[in-house]
Amino acid sequence: MNRSGLASLCLFGSLATSTIAYAQDPPPPPPPPPPAAPVPSPPPAAPAAGGSAEGNIDLGFGTNGAAAGGDASANSAAAVDAAPAAAAAGPSDGAPAADPNAERNRRQATLHEQNSLDGATGLLRVIQASSGAPGTFRFSINGSYFGTSGFLCNANTICPREVDGAPSNSDEDSIDRVGMHLGLSATLFPFLEAAISMRNIATSDSRSRPRLLQILGDTTLSVKGFMPVEPDQIFQFGGMAQLLLMNGAGSVGFMGAGTSFDLKALATIALDNRSNPDDVIPLRFHANVGWRFDNSAELVKDVETTPPPEGRGENIQRTERFGLDINRVDSFQLGVGAEFIHEFVRPFAEWTFDIPVNRQKYVCDENMAADHGDQCLAKAQGWSTSPSRLTFGARVFPWPERGLSGLLAVDIGTGATSQFIDEVAPEPPYNLWFGLAWAVDTEPPAPIIQTVEKPVATPVSKPMPFLTGTVVDKASGNGVAGASVRFDGRAYSGLLSAEDGSFKSFALEPGNYTLAITAKGFRDGQCPVTIPTEQAAAAGLPPGTPGTLGPDGAVNVRCELEALPQLGNVIGSVVDATSGAPIGGAHVKIRDTRSRELDLSADGTGAFRFQNVPPGRVTILVDSPGYFTSSEEFQIKALEDIPARMTLNKRPDQPNVLVTGRELKLKKQVHFTNNSADITPDSSAILEEIADVLNTHSEIKGVEVQGHTDNQGEAPYNLKLSESRAQAVVDVLVKLGVDPLRLQAKGYGDTKPLMPNNTEANKAKNRRVQLMIKKD
C-alpha cells in the first residue's frame, strides 16, 4: 500500500528587496525629507514559451494586453537609504551615536533563521512568530531514522497473528523507518512569509501487510503573518495557515478528500533583540497553539469499506496507521520551545503535543479495536495515548555569513508510544534527525560604513528639490496603490506608491526626468517632469501647482495610467491519459457561456493558449487521431492565467461499446464513488467511447440511459441514487457533443436486477448503467 504522488514545485512571487545603484557617484545632497523604503525596479515579464500554440479569442472578448507590476517590500512610498547621510550628520546632543551598520548586521543575522519540518521558519516543529529579512529565502533538506523491535506488536499490545497470509511465530515486530523532508520558504514582506515542504517516508515492519509502507510526495503549503520586527521589540506575535495535500493510498496525485488544514497562533519572546549590546540576553522562547483539521483517514476509506478481494473490508491495523500516518480525528496542538542564540551554534529544546479531538464523530468499534490490540479514544483518552514528543537539537553555522547550517536533533516520545488508540497514529519512542539548510539574501550586502568624525556641516539655507506625486487611474481619477515608479535612463532606486497613489522621492538635481510607471492591471505609462533650477522658475504660479517648485523644495506631479481590459488567459497542454506523453497537433476548441467558439491546434509539445477570454465558465474540447474526444470545464478569472491540462484516452484495439438492435452493450462499466452520483476518473475512457459511438451512429434517434442499484439500503433512496447517476452520465455525454434531445435519463433503483442479490459479486453486477436504444 503506497501513498505516492508527484512532487510539487512552488514558485514564490518576486522577492521584494531594497538596493541602491548609481552609474556614477551622485553629488552629496543635504538631508532630504523623510523618505520611505526603497524598492528595486520590477523584473521584466517572462516571455511566452517559444512554439506554443496561442488563440486570441476576439469574439467580442476584447484585445490582448499584458499587465505589468511587481511585489513590494514597503508599506508606503519608497526612497533611497538615508543611512550614510545619517551617519555623516552625527548624533544629536546628549543622544548615543547610532550604528550606521545596524541594518546591514540585522540582515546578516537573519540568515541564521532556518526552516522547520513544515517549511516555515522556527525550530524543528515549533514555529517562531517572525522571519528573516524581506527578500531572504531558505532551502532545507532533513532526514530521519527510527528503528527498534517490539514497538507496535508485543505481549502487551498484540497484533493479528498472520503476516502476509502466513502465521507469525513472534509476538514482537521489527521496524525500521527512514524519512526525508524538503523545505523552501521566502520572506516576501516585513510581515509575511510563504513556505512549501514535501515529505517522503518509508516504513518496514515485519508484522505489517504489506511489509513496506511508503508516504511519497505529501506536500504542505504555509503562509505565516506576523508583526514587523523593530529593534528592541521583545514580544512578537503572529499566525499561520497551512494546507496539507496528501496522496491517496495506491494512487498517483493528491487526494482531495484527504486534504487537511492547520491554523496556528504564534508567540515569541526575543531577549536577544536589543540595540544596546549590553542589554542582549541570547535566548528566545516560542509558543504555538493550533488546530489540525485532519482528514487523512479518507485516504484509506475505500480500502477499509470495500470487501475483499478489491479491498480490506475492515479497519487497517496499527502497523499500517503508523506507516501511513493515518489519524481518524482532529488534534488540538500545543508547542513550546527555547533556543540559545550564538553566532556558530544554536542549541534548542521543544515539547509538542497533539491532543485528539473527535470532530469527525468517529465511532470506534471496541471489539475490533481490541482484536487489533488498540483502545478507543472515548474510554482511553489521556496523557499516555495522546502523541507528544520532547526534542533536543542544535543548528551549527560553520560560516555564519554564508547562511549554511547543519542540523542534529533527537525526538523522545512522551505519549502514544506504548498505549495506542484506534483513532490516532502511534508516536515512535525516539526519532533521529539530521539535515542541511541554506539561507540566501537577494539584496547584496551594503558596504561597511566607517565612522569618521567630521565637523558639523553648516545648514543649507535652501532645501534641495524633490518630487511629490500621485499615480491615478486615467478614467476614474482614483489613486493607484502599489505602482512602481522608476527613473527612466537613470540608475536611481525606484519608488512605490502608497494606498492613495502618492509617492515622494529623495533629493534630486535640477533637470528633466522621465518617470516610468508600472502597476498591476494597468498599461505601462510615462510621466515627464522638470525640476526647476531656482524658485524664479515658478514665478507667477500659485505654490503647489504641478511642475512648480514649492517653498519646501517639493515639485508636484500627477501621473495617469490606462487600465487594462479585465480579461483572462487559458494556458494548457494535451497529454496521453496513460503515459502522460504530450500529444502534438491536437485540435482544441473553446466555448464560452454564450456558445461562442474558437479553434486552434496544439503545438508539437502539446501546448496551447487562449488569450483575452472573458471571465466566467468555459468548456474546452480536445480531439486527436487515434483518441476519443475529451471535454473539461474551467472558471476564467480576470487578469489571471488558468492552467488547463487535457488528457486524451486512446481508442482501444477492440471496441468496448457494441451497437445491438436494442442496446449499446458496455464491456466496461461506468463507476461511481460510494453512495454518490460522482463519476470516478477511471470511467472517462468508456464515456468518451459511448459519446463517439452516438455521434457516429446518427441513425440512433434516442437512448434511455438507465441507472440500476443493488438492494442494499431503502428502495426510495436507491431509486433516487440511480436517477442521479443516470443523469450524471447524460450530462457528461452532452459535454462530449451528444445532442441532449437524443438522451433520456431514468433510474430503476433495485427493481431490475440482473442477478439475485445474494452475494457481493452479484450485487456488483446489479450496480450498473445500461443504454437502451429507443425505437420511437
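Fair warning: this is a prediction, and the values are worked out from it, not measured in the lab.

(A) A look at the pairing of strand E11 (residues 283-293). Side chains Arg284, His286, Asn288, Gly290 and Arg292 of E11 all project onto a buried face; the interleaved residues Leu283, Phe285, Ala287, Val289, Trp291 and Phe293 project onto a face where none is buried. Pairing of strand E10 (residues 260-270) with E11 involves 10 bridges; the strand directions are antiparallel. Following the sheet pairing, Asp262 is matched in E11 by Arg292. Sheet analysis places E11 next to strand E12 (residues 330-340), joined by 10 bridges and oriented antiparallel. Across the sheet, residue Arg292 finds its bridge partner in E12, namely Ser331.

(B) Spatial organisation of the pattern of salt bridges. This structure, assessed with the given rule, holds 32 salt bridges. Asp325 is paired through a salt bridge with Arg199; the nearest N and O atoms lie 2.9 Å apart. Of this pair, Asp325 sits in the loop between helix H4 (318-324) and E12 while Arg199 sits in strand E7 (residues 192-205), placing them 126 residues apart in sequence. According to the relative accessible area criterion, Asp325 is partly exposed, its value standing at 23%. Measuring nitrogen to oxygen at the nearest pair gives 2.7 Å for the salt bridge that ties Arg292 to Asp262. You can see Arg292 sitting in strand E11 and its partner Asp262 sitting in strand E10, a full 30 residues away along the chain. For the pair shown, Arg292 and Asp262 are each scored as buried. A cluster of three or more residues bridged by salt bridges with shared partners is formed by Glu304, Arg318, Arg321, Arg328, Asp374 and Asp422.

(C) Up close: the sheet that holds strand E25 (residues 587-591). Spatial strand order, E26-E25-E28-E29: four strands in an open sheet with antiparallel pairing. Lying at the two open borders of the sheet, with one neighbouring strand each, are strand E26 (597-601) and strand E29 (630-636). With direction set aside, neighbouring strand axes in the sheet form an average angle of 20°. As paired elements, E25 and strand E28 (residues 616-623) share five bridges and run antiparallel to each other. Within E28, the residue paired with His587 across the bridge is Asp623.

(D) Quick peek at the sheet that holds strand E35 (residues 768-773). The sheet built from five strands is open, its strands ordered E31-E32-E35-E33-E34 with mixed pairing. Looking at strand neighbours, the two that pair on one side only are strand E31 (657-659) and strand E34 (743-749), the edges of this open sheet. Taking each pair of neighbouring strands and ignoring which way they run, the sheet shows an average axis angle of 25°. Relative to E35, strand E32 (residues 663-666) is paired through two bridges, and the arrangement is antiparallel. For Glu663, the partnering residue across the bridge sits in E35 and is Met772. Of the strands in this sheet, E31, E32, strand E33 (703-708), E34 and E35 touch helix H7 (residues 684-696), which is tilted by about 25° from E31. Lying on the sheet, helix H8 (residues 715-735) is in contact with E33, E34 and E35; it crosses E34 at an angle near 155°.

About the cut-offs
- Residues numbered from 1 in each chain as written.
- Predicted model: local features only at pLDDT ≥ 70, side-chain atom pairs only at ≥ 80, totals over all residues.
- Heavy atoms only, no water.
- Buried < 20%, exposed > 50% of the residue type's maximum accessible area, 1.4 Å probe, protein only.
- Helix = DSSP H or I, 4+ residues; strand = E, 2+ residues; numbered from the N terminus.
- Pairing = 2+ DSSP bridges.
- Salt bridge = Lys/Arg side-chain N within 4 Å of Asp/Glu carboxyl O.
- Axes fitted to C-alpha atoms, helices over the stretch in contact; angles between N-to-C directions.
- Contact = heavy atoms within 4.5 Å.

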